[in-house]
Amino acid sequence: MLPITDSPSSPSISQIPQGSVDENDLIVLTCEIIGGNPPATIVWTCSGTSPVNNTGIPPTNKTVSSVQLTAAKIHDGQVCTCTGSHLAWTQPQSSSITLQIRYSPTSSPDIKQIPSQPVIEGNKVTLTCEISGGNPLPTMTWQCDNFANVVPVDLPPANRVVSSIERVVTRLDNGKICICIGQHPLWTPDKQATHIVIVYYLPASPSITQIPQGSVDEKELITLTCEIIGGNPPATIVWQCSGTSLVNPTGIPTTNKTVSSVQLTAAKIHDGQVCTCTGSHPAWTQTVSSSITLQIRYVPTSFPVVTQTPIAPVSEGNKLTLTCEISGGNPLPTIAWDCNGFTKVILTEVPPTDKVVSSIERVVTRLDNGKRCICTGHHPLWTLEWKVEHALIVYCK
């Protein structure tokens, strides 16, 4: 008797577990061909790889073949094909399944800032968070008050997810913490990146205070303090006095201002010198300065000196001029005369700047002979008045 050949059903594939499979999980693919005489034969192949060895377990009424593999990133999108052959078929028949592997992203969330840190107040800041890889691609959410989402203008990349937010920053944004949270089915818990926004903003201009205020007596201690209020980061201060070497500052940092002080013992050479406090800050396009002119009070370099014109003795009926002079001092000293009958001479020339001069005059008579004229000098740093007496000698007939 001749053998009877029955045609079997076409191959069918089942997958355990079904659908997408997590990376590192075990996948079992089973191919069945029901019926047929003789039983059909089955061969497994996966696209782009070498053939997968089959593990056939033929039952009584069907042909069954299964393969196993541990899910990996490289298997995602691969096509596994079960090919059946039978004497009743003129050509082999196949069934295929495409593997869907879920795998973790290759990177955690990463935040970049444009422009790079720090940013000057009033400029726009863009924060971009990026996560590479993963199947499915991860999703992102932002926690960053008052920042707005940026609508992308380019097509999104196929192998990463990108999200941007932006804002024109103010000083209130300095120190703000922005968080990019990435979610993925294989991440437990979610992963996140934290970014601190640093905003530079303008401080006030420098201001100088002096202790003691105003004019300072020679040999007294002067303290000059420069303050720059506000600003981020704190401003820096450099001191300089005109005509002298740089004065070293002594910084006293506070929470909301930069303070620098210098001290010097008042001396005559400091009078009129300009001390300058120069502030520098990244938000300033150039340095900003404040200056103070020192006013030092010092004693005159001489005591009152009286001269007579013409030189004594003087004949009756001639004019006699007495001149009292005191050199130096700041302020200049004052002069007072005690000499009855003499009148003050009005100066016709510009008075000198480094001394004080006072003259008196009279056409003398014999009654002026032996008269004593007194020039008294006054100065704030003289504890006593300085007086000079001048005796008149008048010749008469």
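Refer to the structure printed above.
Note that the structure is a prediction, hence the values are computed from the model and not measured. (Residues numbered from 1 in each chain as written. Predicted model: local features only at pLDDT ≥ 70, side-chain atom pairs only at ≥ 80, totals over all residues. Heavy atoms only, no water.)

A. Inspection of the overall build of the chain at higher detail. Within the chain one finds zero helices and 36 strands. Overall, the chain is about 190 × 35 × 30 Å in size when its C-alpha atoms are taken along their principal axes. Contacts spanning at least 24 positions in sequence make up 62% of the contacts within the chain whose residues lie at least 6 apart. Roughly 22800 Å² of accessible area belongs to the chain as shown, and the carbon and sulfur atoms make up 54% of that amount. A distance of 13 Å separates the average location of the 23 positive side-chain charges in the chain from that of its 28 negative side-chain charges. (Helix = DSSP H or I, 4+ residues; strand = E, 2+ residues; numbered from the N terminus. Contact = heavy atoms within 4.5 Å. Areas by Shrake-Rupley, 256 points an atom, 1.4 Å probe, with all protein chains shown as cover. Lys, Arg positive; Asp, Glu negative; His and termini not counted. Charge placed at Lys NZ, Arg CZ, Asp CG, Glu CD.)

B. Layout of the pairing of strand S21 (residues 221-229). Relative to S21, strand S19 (residues 207-211) is paired through five bridges, and the arrangement is antiparallel. Residue threonine 209 lies in a different strand from S21, and its bridge partner there is threonine 225. (Pairing = 2+ DSSP bridges.)

C. Structural detail: the layout of surface pockets. There is about 290 Å³ of room inside the largest pocket. Surrounding the largest pocket, 14 residues form its lining, Pro152, Asp154, Pro156, Pro157 and Val162 being those nearest its centre. The element that contributes the greatest number of residues to the lining of the largest pocket is strand S15 (residues 160-168), accounting for five residues. Residue classes in the lining of the largest pocket are distributed as nine nonpolar, three polar and two charged. Here the second largest pocket is characterised by a volume of approximately 170 Å³. Around the second largest pocket, the lining residues are Thr334, Ile335, Ala336, Trp337, Lys344, Val345, Ile346, Leu347, Val356, Val357, Ser358 and Ser359. Those elements that place two or more of their residues in the lining of the second largest pocket are strand S31 (334-338) and strand S33 (355-363). Of the residues assigned to the lining of the second largest pocket, the class counts are eight nonpolar, three polar and one charged. (1 Å grid on protein atoms, 1.4 Å probe; cavity = no way out; pocket = protein on both sides within 12 Å on 5 of 7 lines; lining within 4 Å. Points joined across faces, edges and corners; volume = space filled by probe spheres on them. Nonpolar A, V, L, I, M, F, W, Y, C, P; charged D, E, K, R; others polar.)

D. Quick look at the state of the cysteines. Per the stated rule, a full pass over the model turns up six disulfides. Each sulfur in the disulfide pair cysteine 129 and cysteine 180 lies 2.0 Å from the other. On the sign convention where negative is left-handed, the bridge of cysteine 129 and cysteine 180, at about -80° about the S-S bond, is left-handed. Of the two residues, cysteine 129 is situated in strand S12 (residues 124-132) and cysteine 180 in strand S16 (residues 177-183); the sequence distance between them amounts to 51 residues. Taking the relative accessible area as the measure of exposure, cysteine 129 reaches 0% and is therefore buried. Cysteine cysteine 396 is unpaired, with the sulfur of cysteine 373 as its nearest cysteine sulfur at 17 Å. Among the residues examined, cysteine 396 registers a relative accessible area of 42% and is labelled partly exposed. (Disulfide = S-S within 2.5 Å. Buried < 20%, exposed > 50% of the residue type's maximum accessible area, 1.4 Å probe, protein only.)

E. Spotlight on the pattern of salt bridges. As enumerated under the stated definition, the model contains 16 salt bridges in all. In this structure, aspartate 368 and arginine 362 form a salt bridge, with 2.8 Å as the shortest nitrogen-oxygen distance. Overall, the relative accessible area of 1% leaves aspartate 368 in the buried class. Close ionic contact of glutamate 389 with arginine 372 constitutes a salt bridge, the shortest N to O distance being 3.6 Å. A residue pair is termed long-range when its members are at least 10 positions apart, and glutamate 389 in strand S35 (residues 386-391) and arginine 372 in strand S34 (residues 372-378) qualify at 17 residues. Comparing glutamate 389 with arginine 372 shows no difference in burial state: the two are exposed. The structure contains a network of salt bridges with shared partners spanning Arg167, Asp173 and Lys176. (Salt bridge = Lys/Arg side-chain N within 4 Å of Asp/Glu carboxyl O.)

F. Structural detail: the sheet that holds strand S17 (residues 191-196). Within the open sheet, the three strands sit side by side as S13-S16-S17. Their pairing is antiparallel. Edge positions in the sheet fall to strand S13 (139-143) and S17, since each has one partner strand and no second. Looking at each pair of strands side by side, their axes are set apart by 20° on average, direction ignored. Here S16 runs beside S17; their pairing, made up of six bridges, is antiparallel. Residue pairing across strands places isoleucine 179 opposite threonine 194, the latter belonging to S17. (Axes fitted to C-alpha atoms, helices over the stretch in contact; angles between N-to-C directions.)

G. Examining the packing of aromatic side chains more closely. Counting across every chain of the model gives three aromatic pairs. With a centroid separation of 6.4 Å and an interplanar angle of 65°, the aromatic rings of tryptophan 382 and tryptophan 386 are classed as edge-to-face. Tryptophan 382 gets classed as buried once you look at its relative accessible area, which sits at 12%. Here the aromatic residues Phe303, Trp382 and Trp386 are joined through ring pairs into a cluster of three or more. (Phe/Tyr/Trp six-rings, centres within 6.5 Å; stacked < 30°, edge-to-face > 60°.)

H. Region of interest: the sheet that holds S34. Across the sheet, which stays open at both edges, the three strands sit in the order S31-S34-S35 with antiparallel pairing between neighbours. Every other strand in the sheet has two partners, leaving S31 and S35 as the edge strands with one partner each. The mean inter-strand angle of the sheet, taken between neighbouring strand axes irrespective of direction, is 20°. Summarising the sheet, S31 and S34 pair through five bridges and their orientation is antiparallel. Following the sheet pairing, threonine 334 is matched in S34 by histidine 378.

I. Quick look at the environment of glutamine 295. Looking at the secondary structure, you find glutamine 295 in the loop between strand S26 (288-293) and strand S27 (296-300). A relative accessible area of 42% means that glutamine 295 is categorised as partly exposed. For the pair glutamine 295 and isoleucine 196, spaced 99 residues apart in sequence, the C-alpha separation works out to 49 Å. For glutamine 295, the residues in contact, after removing those within four places along its chain, are Gly214, Ser215, Val216 and Asp271. Separated by 3.2 Å, the side chains of glutamine 295 and serine 215 make a polar contact. (Polar contact = N/O pair within 3.5 Å; in protein donor to acceptor, adjacent residues only side chain to side chain.)

J. How the structure looks around the side chain of histidine 86. Inspection of the secondary structure assignment puts histidine 86 in the loop between strand S7 (79-85) and strand S8 (93-98). From its side chain, histidine 86 meets the backbone oxygen of aspartate 6 in a polar contact 3.4 Å long.

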